[in-house]
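# Observations on the model geometry
The primary structure of each chain is shown beneath.
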Amino acid sequence: MKKQKLLAIFFLLIFILNAYLAFYEGAPEVILWFCVNIMILFIIGLWFDNILLLSATVTSYLVIGSIWTIDLVSFLITGNAPLNIVRYLETASNIRFVVTFYHILLLVAPLAILMKKKMIHKYAWIVSSIHLSIMSILTLIITTSNISCLRAPCEIPIISLLYLLKPAFIPLVLFNLIVLTLLVFIPTNYIMAYLLRKKN
């Protein structure tokens, strides 16, 4: 438990540093990005040893963080970001470049904790969906920037093809929520539950 609280403090410092850099660089809306604000769930989950929030962090971020990491590895090896996700690193400051590696820590740490606990909450996907809904609404209210692809489709190969399925009458923010819930959150939740049960 003590180690978890130390880890919570560590991620809180990373979040604060991200917020500072966002304001310093004149782009405070950066803290609204899904990859940044998901840390809040993780920090609270760590501090209170809340399995539901810890599970929701994995359910929300495992797939997204993995895709980000693949793009980063490609960028570091070839200098090209085929998924267009980490292209911002081309012009990032040195400190921003270093800090952005928190994405990998956020991918590995929650997963390692759940594997140690050998369990994942079966309703984690609901918390993931609620968190995404709240942050999406706040983002649309606070900024006009295309944070987390809420105002315009993400320009990510293959994933962008999903937008061809979007009916014109469904708002983009709602479409994103439906797609992420059905194709990411729920499958991740149940696949992780299956794997952890098998491990036991």
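Structure's up top.
This structure is a prediction, so every number in the text was calculated from the model and none was measured. (Residues numbered from 1 in each chain as written. Predicted model: local features only at pLDDT ≥ 70, side-chain atom pairs only at ≥ 80, totals over all residues. Heavy atoms only, no water.)

### So, helix α6 (residues 124-142)
Rules: By the criteria applied, helices consist of DSSP H or I runs no shorter than four residues and strands consist of E runs no shorter than two, each listed in order from the N terminus. To estimate how far a helix should extend, the number of its residues minus one is multiplied by 1.5 Å. Only protein chains enter the calculation, and the probe is 1.4 Å; a residue is then buried if its accessible area is under 20% of its type maximum, exposed if over 50%, and partly exposed in between.
Here α6 contains 19 residues, and its C-alpha end-to-end distance of 27 Å stays within 8% of the 27 Å for a straight helix at 1.5 Å per residue. Turning to α6, its buried residues are A124, V127, S128, S129, H131, L132, M135, S136 and T139.

### Quick look at the layout of surface pockets
The condition is simple: Within this scheme a cavity is a closed region of a 1 Å grid, computed over the protein atoms alone, that accommodates a 1.4 Å probe without allowing it to escape, whereas a pocket is open but has protein on both sides within 12 Å along at least five of seven lines; lining residues each have an atom within 4 Å of a point. Grid points are joined across faces, edges and corners, and a volume is the space filled by probe spheres set on the points.
Considered as a void within the structure, the largest pocket measures approximately 1,200 Å³ in volume. Lining the largest pocket are 43 residues; nearest its centre among them are W33, I85, S148, C149 and I156. Elements that contribute at least two residues to the lining of the largest pocket include exactly α2 (34-47), α3 (51-78), α5 (102-117), α6 and α7 (172-199).

### Things to note about the state of the cysteines
To keep it simple, the criterion reads: Note on terminology: disulfide denotes any pair of cysteine sulfur atoms within 2.5 Å.
Counted under the stated rule, the structure contains one disulfide. C149 shares a disulfide with C154; S-S distance 1.7 Å. An S-S torsion of about 115° defines the bridge between C149 and C154 as right-handed. There is no split in this pair, since C149 and C154 are both buried. In this structure C35 is a free cysteine whose sulfur lies 10 Å from that of C149, the closest cysteine sulfur available.

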